Amino acid sequence: SFTMVNGQGCAATATSDSSWLTVTWDPAVIGYPKFLSTQTMYYSATANIDGGSRTGHVTIGAQTFAVTQAGASLQVVSVNPATGSGSAQAFSFQFVDSSGPAGMTAMMWFSATYGTDRSASCLVYYSNSQLFLVGDDGVSTSQSAPGTPGSLANHQCSVDTGSAAAVWNGGNLTIDVTITFLPAFAGPLQAWMDIYTPSADSGWFQEGSWTATAPPN
């Protein structure tokens, strides 16, 4: 926030030059323009999901101030589609890692419930240019590079590695995978995402829900 001392009691205005940066006056002050001798102006910013920082400017009267917002270092963004149903679906997962691919792991988890037990679920993760699928025991894994013909499978789901892709655009990571849910896994599922490095972790976030149906005969 900014506190402005208006010794002459003149009308005060405040503007922002950036769509992500919003300025508001103290809500306790009613009316506009403002003529109080001391006034507080607040600013707020939308989430910055890009890897780099950004700078906007707030102008109060004849003075302009720079406001710099840091880029997200690690962030879960979204899964598309976020909701739906079916036995197979092409999903697109989006993450942010401002430091790039080195040392990061992006996790995509379909489970009936959230918890520490990863067994009997569909947990896919991407690390070191490889896709991994956690086995039925919640510990063992199988792996393949995206774009390699074939699939990874446990008793809950299979992942088509041939059509899979992981693409970086600056600090933004998009992972496209087609997942087939197997009959044993039919029912309502939660879609959870996490991205971490050896020194930081975004934490788990539920970004979607999916009703898995049994594959057609």
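Scroll up for the structure.
Residues numbered from 1 in each chain as written. Predicted model: local features only at pLDDT ≥ 70, side-chain atom pairs only at ≥ 80, totals over all residues. Heavy atoms only, no water.

1. Description of the overall build of the protein chain
Looking only at helices and strands, one finds 0 helices and 18 strands in the protein chain. The buried share of the protein chain, reckoned over its 217 residues, is 38%. At a minimum sequence separation of 6, the contacts of the protein chain that also span at least 24 residues come to 50%. Carbon and sulfur atoms make up 53% of the accessible area of the protein chain, which amounts to about 10,700 Å² in all. (Helix = DSSP H or I, 4+ residues; strand = E, 2+ residues; numbered from the N terminus. Buried < 20%, exposed > 50% of the residue type's maximum accessible area, 1.4 Å probe, protein only. Contact = heavy atoms within 4.5 Å. Areas by Shrake-Rupley, 256 points an atom, 1.4 Å probe, with all protein chains shown as cover.)

2. Digging into the state of the cysteines
Enumeration according to the criterion identifies 1 disulfide in this entry. A sulfur-sulfur distance of 2.1 Å marks the disulfide that ties C122 to C157. Here the S-S torsion is close to 90°, and the disulfide linking C122 with C157 is therefore right-handed. Of the two residues, C122 is situated in strand β11 (residues 122-127) and C157 in strand β15 (residues 157-169); the sequence distance between them amounts to 35 residues. An identical accessibility class is assigned to C122 and C157; each is buried. (Disulfide = S-S within 2.5 Å.)

3. Some words on the packing of aromatic side chains
Tallied over the full model, the rule gives 12 aromatic pairs. With centroids separated by 6.5 Å and ring planes inclined at 65°, the aromatic side chains of Y114 and W204 adopt a geometry described as edge-to-face. Note that Y114 is positioned in the loop between β10 (105-111) and β11 and W204 in the loop between β17 (187-196) and β18 (205-212), a separation of 90 residues in sequence. Assessed through its relative accessible area of 41%, Y114 is described here as partly exposed. Relative accessible area serves as the criterion here: at 17%, W204 is assigned to the buried category. Consider the rings of Y125 and F132, whose centres lie 4.6 Å apart with planes at 5°: the pair is stacked. F132 shares its class with Y125; the two are buried. Aromatic rings pair up to connect F91, F93, F110, F181, F185 and W210 into one cluster. Seen from the ring of W109, R118 lies directly overhead, with NZ or CZ sitting 4.5 Å from the centre. (Phe/Tyr/Trp six-rings, centres within 6.5 Å; stacked < 30°, edge-to-face > 60°. Lys NZ or Arg CZ within 6 Å of the ring centre and 35° of its normal.)

4. Re the nonpolar core
Counting 31 residues, the largest nonpolar core has F93, F95, F110, I175, I179 and F181 as its most contacted members. When neighbours within four sequence positions are excluded, F93 is seen to be in contact with S78, V79, M108, F110, L173, T174, I175, V177 and M193. Of all hydrophobic cores here, the second largest spans 8 residues; its members include M107, L123, F132 and V134. (Core = buried A, V, L, I, M, F, W, Y, C linked by side-chain atoms within 4.5 Å.)

5. Thoughts on the sheet that holds β10
Strand-to-strand pairing in sheets goes through backbone hydrogen bonds, with the strands running parallel or antiparallel. Strand order in the open sheet made by the 7 strands is β8-β18-β17-β10-β11-β12-β13, with mixed pairing throughout. Strands with a single pairing partner mark the edges of an open sheet, and in this sheet they are β8 (85-86) and β13 (141-144). Sheet analysis places β11 next to strand β12 (residues 130-134), joined by 4 bridges and oriented antiparallel. Paired with Y125 across the strands is F132, a residue of β12. (Pairing = 2+ DSSP bridges.)

Honestly, that's just the spatial picture; any functional story needs more than this.
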